Amino acid sequence: MSIIAGRTGNMTIVGGMELHLWFIEDEPPGMALALKVKGTVHREKTDYQDLAVIETVDAGRALVLDGCIQTSDMDEFIYHEMMVHVPLCTHPLPEKILVIGGGDGGGIREILKHDSVKKAVLAEIDERVIAAAKKYLPNTSCKLDDPRCQVMIGDGFEHVRAHQREYDVILCDSTDPIGPGVVLFTEEFYRGIYNALKDDGICVAQTESPFFYGDLLARVSGALKGIFPIVKTYVTVMPTYPGALWTFTLASKKYDPVESMRVVDLETKYYTPELHKASFVLPRMVKDIVEA
Ligand code: SAM
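Here goes a summary of the coordinates provided. Because the structure is predicted, anything quoted here is derived from the model rather than measured.

1. Here's the deal with the packing of helix H7 (residues 214-225) against helix H9 (residues 284-291)
Packed helices, taken two at a time, are described by the angle between their axes plus the distance between the axes. At a closest axis distance of 8 Å, the pairing of H7 and H9 adopts a crossing angle of 50°. In terms of orientation, H7 lies oblique with respect to H9. For the crossing formed where H7 meets H9, the hand is right-handed. Residue-level inspection shows Gly214, Leu217, Ala218, Ser221 and Lys225 of H7 in contact with H9, the latter providing Val286, Ile289, Val290 and Glu291. Split by residue class, the contact of H7 with H9 holds 5 nonpolar, 2 polar and 2 charged.

Quick look at the structure:
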């Protein structure tokens, strides 16, 4: 028998009856994702957010910020491979890359699979996320101490404002548009990204669920289209994110992500060159949102 009993905890026996505890994410509020948990590995209140690492029964460990799953051992590779390899296999020579947010380190791990990359900068506002990822999520954070990776603790918005024509690729691996993540979904921020990119640079932003954040996807896509000549949304599947169907939006100064795709020899579990191209074939409902 399973009883939904709260956000984190262990299985207990009460009066001979097994009570299983579940982590429940009810954001958006009208639908819940539930993962059966073995226990809470770590929990703290940082300067920016409530941070927890939970040990789940089927999805391995998961990083939870303000009650929302950011990454889980089970499916993080899908998100990180699709966020990173699509732009890096579009740019002909990606050498200097910026990740905004992304303190779990999964994006950095994938970026450093590309031999062309000389430097990958991580601009993460919350150093406690990096510390927790290093300690509790070793598979995801394993490249954060690589000599090609430079970790900068601070606001990603300020970071792009302070850099001009410096990066080949910028990835916005942000939390949902709440708390410190709000600024990372504004037009002013995208203008800063445009200026921080070299003349043939590419940006990818995670643009959330088309079911629950369709208005945000439409707004971000519209804002990017007013700044970059090439803007295309692509989709993937993320079992531990609300609605499972997930979107990224790529904005490019020069290279089209389908026509300019390079086949790169990479060790991946999800990304393939075929999937790279196929992910830009949009379901009607997503097409309607981004073309509105
Ligand atoms: N893959 C995840 C998702 O879509 O749910 C995002 C993961 S990553 C952990 C998100 C990170 O963005 C968090 O660690 C958070 O601290 C960071 N973040 C939020 N706002 C930020 C800002 N203004 N500048 C830099 N990092 C920020």
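This is not the end of the story, as more comes after the structure.
2. Thoughts on the site of the ligand
With respect to spatial proximity, 25 residues lie near the ligand, and among them Gln49, Glu124, Asp155, Gly156 and Pro180 are the closest. Measuring from a nitrogen atom of the ligand, one finds a side-chain N or O atom of Tyr79 at 3.2 Å. Between a nitrogen atom of the ligand and a main-chain N or O atom of Pro180, the distance comes to 3.0 Å. In isolation the ligand offers 600 Å² of accessible surface; the protein chains occlude 99% of this area. At the level of elements, strand S7 (68-72) and strand S9 (119-124) are the ones that each hand at least two residues to the shell around the ligand. For the shell around the ligand, the class distribution of residues is 10 nonpolar, 10 polar and 5 charged. When residues of the shell around the ligand are assigned to domains, at least three map to each of domain 1 (12-72) and domain 2 (76-291).

3. Observations regarding the environment of Pro92
Along the polypeptide, Pro92 turns up in the loop between helix H1 (76-88) and strand S8 (96-101). Residue Pro92 is classed as partly exposed on the basis of its relative accessible area of 37%. For Pro92 and Asp200, which are 108 residues apart along the polypeptide, the C-alpha to C-alpha distance reads 9.5 Å. In this structure, Pro92 is in contact with Tyr255 and Arg262, ignoring residues within four places of it in sequence.

4. A closer look at the sheet that holds strand S4 (residues 33-45)
As summarised here, the arrangement of the 5 strands in space is S3-S4-S5-S6-S7, forming an open sheet in which the pairing is antiparallel. Two strands lie at the open edges of the sheet, namely strand S3 (22-25) and S7, each paired on one side alone. Taken pair by pair, the neighbouring strands of this sheet meet at an average axis angle of 45°, ignoring direction. Of the strand pairs in this sheet, strand S5 (residues 50-56) and strand S6 (residues 61-65) are connected by 5 bridges, and their pairing is antiparallel. For Leu51, the partnering residue across the bridge sits in S6 and is Leu65. The sheet contacts of helix H3 (residues 127-136) involve S4, S5 and S6, and relative to S5 the element is tilted by about 20°.

5. What to know about the packing of aromatic side chains
Applying the stated criterion across every chain, the model contains 9 aromatic pairs. A centroid spacing of 4.9 Å and a plane angle of 40° characterise the contact between Tyr234 and Phe280, whose relative ring orientation is tilted. You can see Tyr234 sitting in strand S13 (residues 230-237) and its partner Phe280 sitting in the loop between helix H8 (273-278) and H9, a full 46 residues away along the chain. Taking relative accessible area as the criterion, Tyr234 reaches 0% and is therefore assigned buried.

The rules behind the values
Numbering of residues starts from 1 in every chain and runs along the sequence as written. Only residues with pLDDT of 70 or above have their local features reported here, since the model is predicted, and side-chain atom pairs are shown and tallied only from 80 upward, although totals for entire chains, interfaces and linings are computed over all residues. Each side-chain value is derived from all of the structure's non-hydrogen atoms; neither hydrogens nor water enter the calculation. Here, axes are lines fitted to C-alpha atoms. For helices the fit covers the stretch in contact, and angles between N-to-C directions go from 0 to 180 degrees. Numbering of helices and strands runs from the N terminus, with a helix taken as a DSSP run of H or I at least four residues long and a strand as a DSSP run of E at least two residues long. Here is the rule for angles: anything less than 35 degrees is roughly parallel, anything more than 145 is roughly antiparallel, 65 through 115 is roughly perpendicular, and the remaining ranges are oblique. Crossing handedness is defined as follows: a turn of the near helix away from the far one that is anticlockwise and smaller than a right angle gives a left-handed crossing, while the clockwise case is right-handed. In what follows, a contact means two residues having at least one pair of non-hydrogen atoms within 4.5 Å. The classification used treats Ala, Val, Leu, Ile, Met, Phe, Trp, Tyr, Cys and Pro as nonpolar, Asp, Glu, Lys and Arg as charged, and all other residues, Gly among them, as polar. We call a residue near a molecule or strand when any one of its heavy atoms sits within 4 Å of it. Throughout this description, a polar contact denotes any pair of N or O atoms lying within 3.5 Å of each other; where both atoms belong to protein, one of them has to be capable of donating a hydrogen while the other can accept it, and for residues adjacent in sequence the pair is counted only when both atoms sit in side chains. Areas reported here follow the Shrake-Rupley algorithm with a probe of radius 1.4 Å; residue values treat only the protein chains shown as occluding. Start and end points for every domain follow an automatic or database-based domain assignment. Burial here depends on accessible area, computed with a 1.4 Å probe over protein chains only, as a share of the maximum for the residue type. Under 20% is buried, over 50% is exposed, and the range in between is partly exposed. Strands were regarded as paired on the criterion that DSSP finds at least two bridges between them. Classification of ring pairs uses Phe, Tyr and Trp, with its six-membered ring standing for Trp, and accepts pairs whose centres are within 6.5 Å; under 30 degrees between planes counts as stacked, over 60 as edge-to-face, and the remaining range as tilted.

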